[in-house]
Amino acid sequence: MAYFDSSVTAGGTGNANTSVSNNPSTSGFEWAFLVSTTGVDGGLNPHNLSAPNEAGWSVFDSPAFDAPNTRTEYQKVVNSTTLITATQNIDTPAGISWTSSLSFFGLASGSLPTVVQKKSVTGAWSTDQTFTFNSNLTAGNVILVTHTTSRVIAAGTGLTVTDTLGQTYPSIVSVGVGNTRQDIWFVAPTLGGADSVTLHVNGGFFSSAIFIAYELSGLALLPQGRSFCNPIIGI
């Protein structure tokens, strides 16, 4: 039994749109979480993504940095094992790299999860980044962490996340194409109490980057969920 079902990643360069598809493994209520990023061009200009072309998606968060929609986060509730596809248009796509991920989590009901609190930092970094949640975590909730960047200067040996509660953050998404990269981690269920979260860059150098941690309520165990250690399908 697990909160996390599966993730699929996709990416490319010079395409007119992004595209990623994944199947939920259960017919119960699941949360579909879509994250997409675009890179900068040779003049370091950002390039925006449209909303998903398919019906039913709503904005989860708008983690803008160098332009309104260079990285987007959308969500929807699904309750069948039918293939879910999400495509987004890229403005002036020539030579622009992109990544997308589509992840599924168990839901307690047919309602979208609630963001209890959020912490984030934006900028460029080659050193570890740490922030502290404003309020104590509620035991039993979920922590979801994302890191997206439109300009990878040095990839390093891979990003990792730790916190002061000593919790383990399994990676569920890690995909990079060209100068674009995204990574996602989660903890479920979380311990309660004060907590600081650290992103370890491990030799990496990232510009136009956003590091976010969300505390979520409303996610739940899947009746037949896959564990996080199953392979992540993608490029």
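Whatever comes next refers back to the structure up there.
What you are looking at is a predicted structure, and each value in this text was computed from that prediction instead of being measured.

**Section: the packing of aromatic side chains**
Applying the stated criterion across every chain yields a total of nine aromatic pairs. When the ring of Phe131 is compared with that of Phe211, the centres are 4.6 Å apart and the planes differ by 25°; the resulting orientation is stacked. Of this pair, Phe131 sits in strand β9 (residues 129-132) while Phe211 sits in strand β15 (residues 205-217), and the two are 80 residues apart along the sequence. With respect to class, Phe131 is no different from Phe211; both count as buried. Members of the aromatic cluster, joined through ring pairs, are Phe4, Trp31, Phe33, Phe60, Phe105, Phe186 and Tyr214.

**Some words on the nonpolar core**
In this structure, Trp31, Phe33, Phe105, Leu144, Phe186 and Leu219 are the most contacted members of the largest nonpolar core, which totals 20 residues. Every element with two or more residues in this core is listed here: β3 (30-38), β10 (142-154), β12 (171-177), β13 (180-187) and β15. Ranked by residue count, the leading element in this core is β15, at four residues. Core analysis: the next-biggest nonpolar cluster, separate from the first, contains 18 residues, Ile143, Tyr169, Trp185 and Val197 among them.

**Looking at the pairing of strand β7 (residues 97-106)**
The element β7 is extensively covered by neighbouring structure, given that ten of its ten residues are classed as buried. Across the two faces of β7 the burial is the same, with Ser97, Thr99, Ser101, Ser103 and Phe105 and Trp98, Ser100, Leu102, Phe104 and Gly106 all buried. Here strand β1 (residues 4-13) pairs with β7 via nine bridges, running antiparallel. Paired with Gly11 across the two strands is Thr99, which belongs to β7. Here nine bridges tie β3 to β7, and the two strands are oriented antiparallel to one another. Each residue of the ladder has a partner; that of Ala32, found in β7, is Phe104.

**Here we look at the sheet that holds β10**
Sheet architecture is open: five strands sit in the order β8-β15-β10-β13-β12, paired in antiparallel fashion. Whereas interior strands pair on both sides, the edge strands pair on one side only; in this sheet they are β8 (114-125) and β12. Neighbouring strand axes in the sheet, compared pairwise and without regard to direction, differ in orientation by 10° on average. Here β10 pairs with β15 via eleven bridges, running antiparallel. The residue bridging Leu144 from the neighbouring strand is Tyr214, located in β15.

**Considering the environment of Glu54**
Examined against the element boundaries, Glu54 turns out to sit in the loop between β3 and β4 (58-61). Classification of Glu54 by relative accessible area gives partly exposed; the value is 25%. Separated by 33 residues in the primary sequence, Glu54 and Thr87 have C-alpha atoms spaced 7.1 Å apart. Not counting residues up to four positions away in its chain, the partners in contact with Glu54 are Thr85, Ala86 and Thr87.

About the criteria used
Residues numbered from 1 in each chain as written. Predicted model: local features only at pLDDT ≥ 70, side-chain atom pairs only at ≥ 80, totals over all residues. Heavy atoms only, no water. Phe/Tyr/Trp six-rings, centres within 6.5 Å; stacked < 30°, edge-to-face > 60°. Helix = DSSP H or I, 4+ residues; strand = E, 2+ residues; numbered from the N terminus. Buried < 20%, exposed > 50% of the residue type's maximum accessible area, 1.4 Å probe, protein only. Core = buried A, V, L, I, M, F, W, Y, C linked by side-chain atoms within 4.5 Å. Pairing = 2+ DSSP bridges. Axes fitted to C-alpha atoms, helices over the stretch in contact; angles between N-to-C directions. Contact = heavy atoms within 4.5 Å.

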